[in-house]
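# Understanding the architecture of this molecule
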Amino acid sequence: MQQFIDKYDFAGKKAIVRVDFNVPLNENFEITDDTRIRAAVPTLKKVLEKGGALIIMSHLGRPKGVSDKFSLKHIVGRVSERLGVPVQFAEDCMKAESQVAALKPGEVLLLENLRFYAEEEGKPRGLAEDATDEQKDAAKKAVKASQKEFVKKLASYADCYINDAFGTAHRAHASTALIAAYFPDDKMFGYLMEGEIKAIDNVLHKAQRPLTAIIGGSKVSSKLAVLKNLVGKVDNLIIGGGMGYTFIKAQGGHIGDSLHEDELMPDALAIIEEARRKGVKLALSVETLAANEFSNDADTKLVSPYEIPEGWEGMDAGPASLAAWEEIIMNSKTVLWNGPVGVFEMEKFAGGTLKIAELLAEATKKGAYTLVGGGDSVAAVTRMGYADKVSYVSTGGGAMLEAIEGKNLPGIAAIRE
Ligand code: AMP
């Protein structure tokens, strides 16, 4: 049965906590952004305050085996600083028994990168390029078999399990999902996970109406499932960014050299039709800031996205698009935003995305519930200094996207079931 961190009695217990300490490091192995460490602190401190001991586990990067570059030893100092207590380090997550046994209430042990073992992800490694299907199958079976021992060993370290790694909640890995089975009555979400789950719920299941989703980014293909799920749920669907041009071309528009995916035009038309059938207002761009090359030094002009000249490409939302979207956003009670509405990495084409960030902050002030999810939109609100002026900024790009697709995330299901 699922427990709750605020009610659970941690006194004298050892808690194994899956966090997402996958932080960016520079060439000197210094942390360049410790947001993810800070995000886990409330949960970790709670366990310590309530008299528990902590065994912290995480992955870092995508190592193919043991690798100094991806060692979590580089972050021990910062974790200790953020928690305000010393942090011990287990150099091998499978050989931490004696350190775990010696752990007293209030003490903290950080395990080495779980992904030094293929068993964490349960995917075979080191297969020859020309491996046959039988060899691949055998390797898969072997890693799945040894994964059971891996999970069992991690579970043996602790009395209870907390998952606070939303960033990997969409993966059915050893530490994010499988381990929960060893703690049928002692498993729970950390505060970060609780917050993310509540935010998703507020938008997908308990939304105050009107509910508006703003979906931008480069490709329809990467967000097709998101669009399909949302079109059945929202009142307004704003589609901006590069992906909008596939919708416009599918309707017979001339999009010049704008980014688009011809093979997704039937899907775009199906979404337009579904929106019409459901009475959902689909708001595509009505004015585009076009450029004569994909560069911040390009010449620009404002054009209709349906009449972009050859040699020009749509790079950002124009003022008329932003004005139309503003009206929708300001009249919404719930707003979900994922993906930039222009090539916001280039200053000349960042205006639309920054305006959306500003509008979300304004809508929040007016009482709307606003959720920003996905790396680039999160970067935009942060850059504008609006991160604390919207209702919730999600920490998990891929996980948030899969949640918006309507998928049951393995990391969430493992605790609830
Ligand atoms: P995504 O990862 O799918 O959310 O896409 C984010 C990327 O979409 C960013 O790198 C943007 O530069 C890019 N993008 C947004 N609008 C456009 C556009 N009109 N043309 C090309 N790329 C775009």
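Everything numeric in this text was worked out from a predicted model, so none of it was measured. (Residues numbered from 1 in each chain as written. Predicted model: local features only at pLDDT ≥ 70, side-chain atom pairs only at ≥ 80, totals over all residues. Heavy atoms only, no water.)

### Observations concerning the site of the ligand
Around the ligand, a shell composed of 15 residues is seen, among which Ser 218, Lys 223, Gly 314, Glu 345 and Asp 376 lie nearest. One of the backbone nitrogen or oxygen atoms of Gly 242 is found 3.1 Å away from a nitrogen atom of the ligand. Summarising the interface, the protein chains cover 80% of the accessible area of the ligand, which totals 510 Å² for the free molecule. Class assignment for the residues of the shell around the ligand results in 5 nonpolar, 7 polar and 3 charged. (Near = heavy atom within 4 Å. Polar contact = N/O pair within 3.5 Å; in protein donor to acceptor, adjacent residues only side chain to side chain. Areas by Shrake-Rupley, 256 points an atom, 1.4 Å probe, with all protein chains shown as cover. Nonpolar A, V, L, I, M, F, W, Y, C, P; charged D, E, K, R; others polar.)

### So, the pairing of strand S15 (residues 369-372)
Across the two faces of S15 the burial is the same, with Tyr 369 and Leu 371 and Thr 370 and Val 372 all buried. Handedness of the crossover joining strand S14 (residues 334-338) and S15 through helix H10 (residues 351-365) is recorded here as right-handed. Judged from the 2 bridges that link them, S15 and strand S16 (residues 392-393) form a sheet pairing that is parallel. From the neighbouring strand, Val 372 faces S16, where its bridge partner is Val 393. Each parallel crossover has a hand, and the one from S15 via helix H11 (residues 375-383) to S16 is right-handed. (Buried < 20%, exposed > 50% of the residue type's maximum accessible area, 1.4 Å probe, protein only. Helix = DSSP H or I, 4+ residues; strand = E, 2+ residues; numbered from the N terminus. Right-handed = clockwise from strand over helix to strand, strands pointing away. Pairing = 2+ DSSP bridges.)

### Description of the pattern of salt bridges
For side chains bearing opposite charge, pairing can occur when the charged atoms are close. In total, this model carries 21 salt bridges according to the counting rule given. The salt bridge partner of Asp 34 is Arg 78, with a shortest N-O separation of 3.1 Å. On the criterion of sequence distance, the pair formed by Asp 34 in the loop between strand S2 (14-18) and helix H1 (35-49) and Arg 78 in helix H2 (residues 76-83) is long-range, its members being 44 residues apart. We classify Asp 34 as buried; its relative accessible area is 5%. The network of salt bridges with common partners includes Asp 34, Arg 38, Arg 78 and Arg 82. (Salt bridge = Lys/Arg side-chain N within 4 Å of Asp/Glu carboxyl O.)

### Some words on the sheet that holds strand S11 (residues 288-291)
Taken in spatial order, the 3 strands make up an open sheet running S12-S11-S13, and their pairing is antiparallel. The open sheet is flanked by strand S12 (300-303) and strand S13 (313-317), the only strands paired with a single partner. The sheet shows a mean angle of 40° between the axes of neighbouring strands, taken without regard to direction. Here S11 pairs with S12 via 4 bridges, running antiparallel. Each bridged residue has a counterpart across the sheet, and for Thr 288 the counterpart in S12 is Val 303. (Axes fitted to C-alpha atoms, helices over the stretch in contact; angles between N-to-C directions.)

### Digging into the packing of helix H6 (residues 224-231) against helix H8 (residues 265-278)
Between H6 and H8, the shortest axis-to-axis distance is 10 Å and the interhelical angle comes to 15°. One finds that H6 runs roughly parallel with respect to H8. Between H6 and H8 the crossing geometry is left-handed. Contacts between H6 and H8 involve Leu 224, Leu 227, Lys 228 and Val 231 on the former and, on the latter, Asp 267, Ile 271, Glu 274, Ala 275 and Lys 278. Partitioning the contact of H6 with H8 into residue classes produces 5 nonpolar, no polar and 4 charged. (Parallel < 35°, antiparallel > 145°, perpendicular 65-115°, else oblique. Left-handed = near helix turned anticlockwise from the far one by under 90°. Contact = heavy atoms within 4.5 Å.)

### Examining the packing of aromatic side chains
Inspection of every chain in the model, using the stated rule, returns 3 aromatic pairs. With a centroid separation of 5.5 Å and 45° between ring planes, the pair formed by Tyr 117 and Phe 150 is classed as tilted. Residue Tyr 117 is located in the loop between strand S5 (108-111) and helix H4 (133-156), and its partner Phe 150 is located in helix H4; the two are separated by 33 residues in the primary sequence. In this structure, Lys 301 is placed above the aromatic ring of Trp 312, and the distance from its NZ or CZ to the ring centre is 4.3 Å. (Phe/Tyr/Trp six-rings, centres within 6.5 Å; stacked < 30°, edge-to-face > 60°. Lys NZ or Arg CZ within 6 Å of the ring centre and 35° of its normal.)

### Here we look at the side chain of Ser 80
Inspection of the secondary structure puts Ser 80 in helix H2. In terms of polar contacts, Ser 80 uses its side chain to reach the backbone carbonyl oxygen of Val 85, at 2.8 Å.

### Notes on H1
Between its first and last C-alpha atoms H1 spans 22 Å; for 15 residues at 1.5 Å apiece the expected length is 21 Å, and the two agree. In this structure, the buried side of H1 is in contact with S2, strand S3 (53-57), H2, S5, strand S6 (160-163) and helix H5 (191-204). After H1 finishes, the residue Gly 51 shows a positive phi value of roughly 85°. (Expected span 1.5 Å × (residues − 1).)

### Focus on the environment of Leu 371
Take Leu 371: it is sitting in strand S15. Classification of Leu 371 by relative accessible area gives buried; the value is 1%. Note: C-alpha distance between Leu 371 and Gly 241 (130 residues apart in sequence) is 18 Å. Discounting chain neighbours no more than four positions away, the residues touching Leu 371 are Ala 199, Ile 200, Val 203, Val 335, Leu 336, Trp 337, Tyr 392, Ser 394 and Met 400.

### Let's talk about the state of the cysteines
In total, this model carries 0 disulfides according to the counting rule given. Cys 93 takes part in no disulfide bond, and the closest cysteine sulfur, belonging to Cys 160, lies 19 Å away. Under the relative-accessibility criterion, Cys 93 is labelled buried at 1%. What makes Cys 160 buried here is its relative accessible area of 0%. (Disulfide = S-S within 2.5 Å.)

### As for the sheet that holds S3
Read from one edge of the open sheet, 7 strands run S1-S7-S6-S2-S3-S5-S4, paired in parallel fashion. Edge positions in the sheet fall to strand S1 (2-4) and strand S4 (88-90), since each has one partner strand and no second. Neighbour to neighbour, the strand axes of the sheet diverge by 30° on average, direction disregarded. Sheet topology note: the S6/strand S7 (residues 187-189) ladder contains 3 bridges and is parallel. For Tyr 161, the partnering residue across the bridge sits in S7 and is Lys 187. Its contacts with the sheet place H5 against S1, S6 and S7, and it is angled at close to 60° to S7.

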